[in-house]
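# An overview of the molecular structure
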Amino acid sequence: MGNLFGKKKQSRVTEQDKAVLQLKQQRDKLRQYQKRINLQLEKERLLAKQLLKNGKKEKALLLLKKKRYQDQLLDKTENQISNLERMVQDLEFAQIESKVINGLKVGNECLKKMHEVMSVEEVERIMDETQDAIEYQRQIDEMLAGSLSQEDEDAVLAELEAITQGDVQLPEVPSDELPEVPEATEEEAGRERPRKKAERELLAA
């Protein structure tokens, strides 16, 4: 139980992530320093201007020298920020390259496993069987096509046309009752029998 709850989770944050974070934090601190110095320089420039108006040239000159020195510090700070940003970009790009390489590695392993499962001989066998099946179906199609007469072909085409246009409409069956046929009289039946007998004898001859 102690091992189950006391097991430490593996962090997803890599050493490269930590390095990138630290570099970005240093960059942000330098930018804050830059901003603070720029505000201070602006105040000192206005103060030097006021000193000159008041005739305090020496103090104004000293203040401008200090400002010049701080300007040089700002230039160095800007170079340091550029170096930090370049390093951050290099590290982030290296992380992307690492992920790409890992992806290629996994892909190559999958390809190797697929090649082990299906060899070149297996692929050739499947292709041959597929070609044989296609040829066999073609022969059946030719046999079926040759066994139909032109009349059958026309009937098949007509049926296909009827199917594509919709169900064939059959004429409606009349609902009226058919008229009754009167039964033959004995005299008519007597005359009919000899005539039918003569027809049968003629056909038999």
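My aim in this report is to walk through the structure given alongside it, one point at a time. A quick note: this is a predicted structure, and the numbers were derived from the prediction, not measured. (Residues numbered from 1 in each chain as written. Predicted model: local features only at pLDDT ≥ 70, side-chain atom pairs only at ≥ 80, totals over all residues. Heavy atoms only, no water.)

## With respect to helix α3 (residues 57-117)
Taking 1.5 Å per residue as the helical rise, α3 with its 61 residues ought to reach 90 Å, and the 90 Å between its terminal C-alpha atoms agrees with that figure. Those residues of α3 lying buried are Ala60, Leu63, Lys67, Gln70, Leu74, Thr77, Ile81, Leu84, Val88 and Gln95. Those residues of α3 hidden inside the fold are in contact with α2 (15-53). (Helix = DSSP H or I, 4+ residues; strand = E, 2+ residues; numbered from the N terminus. Expected span 1.5 Å × (residues − 1). Buried < 20%, exposed > 50% of the residue type's maximum accessible area, 1.4 Å probe, protein only. Contact = heavy atoms within 4.5 Å.)

## Some points on the side chain of Thr77
Tracing the backbone shows Thr77 in helix α3. In this structure Thr77 comes out as buried when scored by relative accessible area, which is 4%. One polar contact links the side chain of Thr77 to the main-chain carbonyl oxygen of Leu73, over a distance of 2.8 Å. (Polar contact = N/O pair within 3.5 Å; in protein donor to acceptor, adjacent residues only side chain to side chain.)

## So, the nonpolar core
Core analysis: the biggest nonpolar cluster contains six residues, these being Val20, Leu23, Leu30, Ile81, Leu84 and Val88. Secondary-structure elements contributing two or more residues to this core are α2 and α3. With residues up to four places along the chain from it excluded, the contact list for Ile81 reads Arg27, Leu30, Arg31 and Gln34. (Core = buried A, V, L, I, M, F, W, Y, C linked by side-chain atoms within 4.5 Å.)

## A short note on the pattern of salt bridges
Within the structure shown, the criterion is met by nine salt bridges. Linking Arg27 and Asp28 is a salt bridge whose minimum nitrogen-to-oxygen distance equals 3.4 Å. A salt bridge links Glu135 to Arg138; its shortest N-O distance comes to 2.2 Å. One end of the pair, Glu135, and the other, Arg138, are both in helix α4 (residues 120-146), three residues apart, so they sit about a helical turn from each other. Its relative accessible area of 37% is what places Arg138 among the partly exposed residues. (Salt bridge = Lys/Arg side-chain N within 4 Å of Asp/Glu carboxyl O.)

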